[in-house]
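Structure at a glance
The chain contents come next:
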Amino acid sequence: MGIISFMSQRAIDNMASVVKVGLCVLPALVLIVAGNFFANILMPGVGDLFFPFITGKNFFFRIVVEILLALWVFAAVFSAPKGRDLAFGGDKNYWPKSSPIFWAVSATVGVLALSTIFGANPYRSFWSNYERMEGLITHLHLFAYFVMLISVFTTEKDWRRFFYSTIFVSFIVTVYAYLQFLGRLEIHQSGDRLDATLGNSTYLAIYMIFHIALLAYWAFREKRIWVKSIFGSLFVLEVPIVFLTATRGSILGFMGGVLLFALLVVLRDWGADSRHYKLIAAGAAGAIFLMVGSFFVFKNTDFVQKNYVLSRFAQISPEERTTKSRFTIWGMALEGFKERPIFGWGLENFNIVFNKYYKAVLWQQEPWFDRAHNVVFDWLIHGGIFGLFAYLGAFLLGLYALWKKQADSLAKAVFTSLFAAYFFHNFFVFDNLTSYFMFFAVLGFVHFLALKKPSPSSTLGVESQKTPSVSPGDGFEKPGKYVAVVFVAVGVVFSLYFLNLKPLLAGRALLTTLKDMATGGQNTDLILADFEKVFAFNTFGNMEAREQFASYASNVAVSGLPQEAKLKVLEKAIAQMQQQVVESPLDAREYLFLASLYLRGGRIDDALKILNIAHELSPQKQQIYFLIADALISKGENEKAFGVLKEAYELDTEHGEAAKNMALGAVLVGKADYAEEVLTKTFGKNLIADQNLLTAYARTGNFKKVRDIWMLFLAQEPNNAQYHVNLAATYMQLGERQNAIGALQKAIEINPAFKAQGERFIEEIRAGRNP
């Protein structure tokens, strides 16, 4: 029995050790960009993926967490003492200990589960999409990750190893970012703002802020001088990265966090080291004040205005476009919350709220938002008032644990300041996997600190407390434990395939399809076969695949391909989008894709029915008005189209596209004077270079206006030979043959390849015939 018990305990401890190692490997997820060097090492054989900066990281995280979860359950179940198998708390080796933080995190996941069940689109709330890869499924994995952290990391040494591993990864990210800054590596998001392996400058900024805080904490805690020196050097390297992302909310949050840290340090007694710490705090605060003061002094200089980081701060104003749009979107989110105040709309359903309460003044922004870009309003939409309270509870109880439940003064100063910076950052953007990953890690460490007894010898130290031993044989006395382990093992195999492998393969198939579209889009049979492979997996990727399919079909419909091929592609794309609107009945975006396909296929009445539904779902979306008017014009109902376009224009008369379309509608119904009035009000002139407006004047026989518009086009591109040919055709409509000849001669001069054809046209004109 003793040998069996010893072997059993050793197996349990080995399982727990593997979980610890796996958790220390997880920080490497931030390095993964599908198809890159790190992805090939950590996810061999996967290759490129759709949304490479998002999908690779998330699939890696989910797969590793699921495998570690199975090992942890084995260790936890068989380490539980007799009579206390599955209850939280107590002195068990590998079960999480109860704390307010644990229950706040549990409540948050519980509320999200309820909001998913009772939300506007449960399927989307659970699965999310390739672009975000969040949804309830990711929050469940984050919860499992958090539970494992607080269960197996039972000593400060465990936590130190974990945080040192993520600090090492942050060093690699920092090197990558500096190579971008030096022009050695490509910046993915924009031309200037660093994004490293995260693909988004905002994500990089908050990732760096977390690690700057960790470097500060562990540099002070570390006794080895050489490690202190490394952490200090890395700290100095990582701070500028935050600023080089040019993410204003993150930078302001970081500076505010530094000031709060300085204040907390100054207000506390640090014993013999008090002078040293307060000098550091004063230096940090002084540096922030110097930076802010210098900025305001030199705000209007060329140095500030031409610097991509500083100029973004110089542009901050209540009247700035981004600022105004944020307030508008937050107001829309508030309206959505009022409609569903208890559990909200469910994860990943802000797009429905955005469409329903869309304001026409947002036309200058991107047309579709899936986040409110504010942590409060995002959580009100995700989980209603209960979701927001649960999420804020994790923050507040984390602070409570820091200040009431443990005596590590350094942790109080560092992590309070970090939480403040993180929350301020999230007040203007939103979370992602890497920020959640770091937040739950720090929250888990605070949970650990709160359960440790303070060491009387130091205000900085915490006494390490070993996990109490249990009888290793106890776990083998109940068959229910074997059932639990088998159940979890089968569940993990199931999840690895259905939750990860299938959508991963579907994403790869979709990427292959997009590559084939780019290189061989004329081979419709190949593309259709590619899409069939994607749809055969039947995953959450179908939505994005259908939208890509619809865009491809729209392009094919206006191409020079045979009519039979066009119809075949259109029919299949329409069938897929019809299924999509059934699955997402509240999403106006999907109806627009379907309506566009109907219009391409000449099914005008079907398009109008779908567009009217879209209009009900998003009453102020001008894009819907434009498509309705397009359909009406195709039916010859110009007066109705004019009324629709006028309504869209009056939603916001500053919208340039609405003004152009309004002018087009006015021309078609014989109100050219009104068209010129609208154009003058918006563009400061009564005629503009616009192809649709030109077509409208041509349809009504006003070729003088057509001529004038071609002249405007030529003023923009005087060496465009085709424009001169088109102008010549217009002159012929006006009976101005000599001017037509002159335009053709100019086209020949610009494009000698046109000479033979152009001279033949000129001969026809001189002969009195129309070429």
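Keep in mind that what you see is a predicted model, and the values were worked out from it rather than measured.

**Comments concerning the overall build of the chain**
- Scanning the chain from N- to C-terminus turns up 33 helices and zero strands.
- The 771 residues of the chain split such that 55% are buried.
- Expressed as a percentage of contacts within the chain between residues at least 6 apart in sequence, the contacts between residues at least 24 apart total 67%.
- Placing the 72 positive and 63 negative side-chain charges of the chain at their respective mean positions leaves the two points 7 Å apart.

**As for the packing of helix 19 (residues 479-520) against helix 21 (residues 542-557)**
- Closest axis-to-axis distance for the helix 19/helix 21 pair is 11 Å, and the angle between their directions is 10 degrees. Here helix 21 runs roughly parallel to helix 19, going by the angle between their axes. The crossing of helix 19 and helix 21 is left-handed. Taking contact as the criterion, the partners of Leu510, Leu514 and Met517 in helix 19 are, on helix 21, Glu544, Ala545, Gln548 and Tyr552.
- For the contact of helix 19 with helix 21, the per-class residue count stands at five nonpolar, one polar and one charged.

**Thoughts on the packing of aromatic side chains**
- Under the defined criterion, the tally for this structure stands at 68 aromatic pairs.
- On the basis of an interplanar angle of 80 degrees and a centroid distance of 5.5 Å, the ring pair of Phe395 and Phe423 is categorised as edge-to-face. Here Phe423 lies in helix 17 (residues 409-426) and Phe395 lies in helix 16 (residues 375-404), a separation of 28 residues in the sequence.
- Among the residues examined, Phe395 registers a relative accessible area of 6% and is labelled buried.
- Judged by relative accessible area, Phe423 falls into the partly exposed class, the value being 26%.
- Consider the rings of Phe531 and Phe549, whose centres lie 4.4 Å apart with planes at 20 degrees: the pair is stacked. Here Phe531 is found in helix 20 (residues 524-537), whereas its partner Phe549 is found in helix 21, with 18 residues between them in sequence. As far as the burial class goes, Phe531 and Phe549 line up, both buried.

**Re unusual backbone geometry**
- You will see that Ser128, though not glycine, has its phi angle at about 65 degrees, which is positive.
- Mapped onto the elements of the fold, Ser128 is located in the loop between helix 5 (122-127) and helix 6 (135-152).
- Among the residues examined, Ser128 registers a relative accessible area of 5% and is labelled buried.
- Phi at His373 takes a positive value of approximately 60 degrees, unusual for a residue other than glycine.
- Tracing the chain through its elements places His373 in the loop between helix 15 (350-356) and helix 16.

**Description of the nonpolar core**
- By size, the foremost hydrophobic cluster in this structure holds 157 residues, and its most contacted members are Leu23, Trp72, Tyr145, Val173 and Phe415.
- Look past the residues within four positions of Phe415 in its chain and what remains in contact with it is Leu214, Tyr217, Leu402, Val442 and Phe445.
- With 91 residues, the next largest nonpolar core counts Ala509, Leu528, Val669 and Phe713 among its residues.

**Topic: the pattern of salt bridges**
- Applying the stated criterion across every chain yields a total of 25 salt bridges.
- Via salt bridges that share partners, Arg132, Glu134, Glu348, Asp370 and Arg371 belong to a single interconnected network.

**A closer look at the side chain of Lys621**
- With respect to the helices and strands, Lys621 occurs in the loop between helix 24 (604-617) and helix 25 (622-634).
- Buried charged residue Lys621 carries no salt bridge. Nearest counter-charge: Asp587, at 9.2 Å.

**Considerations on the environment of Lys681**
- Note that Lys681 resides in helix 28 (residues 672-683).
- Contacts of Lys681, omitting those with residues within four sequence positions, involve Tyr649 and Thr653.

**Some points on a nonpolar patch on the surface**
- Together, Phe494, Tyr497, Phe498, Leu501 and Leu505 give the surface a local cluster of nonpolar side chains, amounting to about 450 Å² of exposed area.
- Since its relative accessible area comes to 39%, Tyr497 is described here as partly exposed.

**Here we look at the environment of Leu310**
- Relative to the assigned elements, Leu310 resides in helix 13 (residues 310-314).
- As for Leu310 and Val111, which are separated by 199 residues in sequence, their C-alpha atoms are 41 Å apart.
- In this structure, Leu310 is in contact with Phe295, Phe303 and Val304, ignoring residues within four places of it in sequence.

**Brief notes about helix 7 (residues 156-181)**
- A rise of 1.5 Å per residue sets the reference length of helix 7, with its 26 residues, at 38 Å; its end C-alpha atoms lie 36 Å apart and thus fit the reference within 8%.
- Gly183 lies just past helix 7 and shows a positive phi near 85 degrees.

**What to know about the side chain of Ser417**
- Mapping Ser417 onto the fold places it in helix 17.
- A distance of 3.5 Å separates the side chain of Ser417 from the backbone oxygen of Gly257, its partner in a polar contact.
- With residues up to four places along the chain from it excluded, the contact list for Ser417 reads Gly257, Leu260, Phe261 and Leu264.

**Side note on helix 3 (residues 52-79)**
- The terminal C-alpha atoms of helix 3 lie 40 Å apart, and with 28 residues this matches the ideal 40 Å at 1.5 Å per residue to within 8%.
- Burial of helix 3 is extensive: 21 of the 28 residues sit out of reach of the surface.

**Regarding the packing of helix 8 (residues 201-221) against helix 17**
- Contact geometry for helix 8 and helix 17: axes closest at 10 Å, N-to-C directions at 175 degrees. Taken together, the axes of helix 8 and helix 17 lie roughly antiparallel to each other. For the pair helix 8 and helix 17, the contacting residues are Thr202, Ile206, Ile209, Phe210, Ala213, Leu214, Tyr217, Phe220 and Arg221 in the first and Leu410, Ala411, Val414, Phe415, Leu418, Ala421, Tyr422 and His425 in the second.
- Taken together, the residues of the contact of helix 8 with helix 17 sort by class into 14 nonpolar, two polar and one charged.

**Focus on the confidence of the model for the chain**
- Mean pLDDT over the chain works out to 90, with 92% of the residues at or above the 70 mark.
- The low-confidence segment residues 456-477 (pLDDT under 50) makes 53 contacts with residues lying over four places distant or belonging to another chain.

**Side note on the environment of Tyr123**
- Structurally, Tyr123 is set in helix 5.
- Tyr123 gets classed as partly exposed once you look at its relative accessible area, which sits at 43%.
- Taking the C-alpha atoms as reference, Tyr123 lies 8.5 Å from Glu583; in sequence the two are 460 residues apart.
- Filtering out sequence-adjacent residues up to four positions away, Tyr123 remains in contact with Ser128, Thr539 and Phe540.
- Among the polar contacts made by the side chain of Tyr123, one reaches the main-chain amide nitrogen of Phe540 at a distance of 3.3 Å.

Rules behind the numbers
Residues numbered from 1 in each chain as written. Predicted model: local features only at pLDDT ≥ 70, side-chain atom pairs only at ≥ 80, totals over all residues. Heavy atoms only, no water. Helix = DSSP H or I, 4+ residues; strand = E, 2+ residues; numbered from the N terminus. Buried < 20%, exposed > 50% of the residue type's maximum accessible area, 1.4 Å probe, protein only. Contact = heavy atoms within 4.5 Å. Lys, Arg positive; Asp, Glu negative; His and termini not counted. Charge placed at Lys NZ, Arg CZ, Asp CG, Glu CD. Axes fitted to C-alpha atoms, helices over the stretch in contact; angles between N-to-C directions. Parallel < 35°, antiparallel > 145°, perpendicular 65-115°, else oblique. Left-handed = near helix turned anticlockwise from the far one by under 90°. Nonpolar A, V, L, I, M, F, W, Y, C, P; charged D, E, K, R; others polar. Phe/Tyr/Trp six-rings, centres within 6.5 Å; stacked < 30°, edge-to-face > 60°. Core = buried A, V, L, I, M, F, W, Y, C linked by side-chain atoms within 4.5 Å. Salt bridge = Lys/Arg side-chain N within 4 Å of Asp/Glu carboxyl O. Patch = residues over 30% accessible without salt bridge, like charges linked within 9 Å, V, L, I, M, F, W, Y side chains within 5 Å. Areas by Shrake-Rupley, 256 points an atom, 1.4 Å probe, with all protein chains shown as cover. Expected span 1.5 Å × (residues − 1). Polar contact = N/O pair within 3.5 Å; in protein donor to acceptor, adjacent residues only side chain to side chain. pLDDT = per-residue confidence, 0-100.

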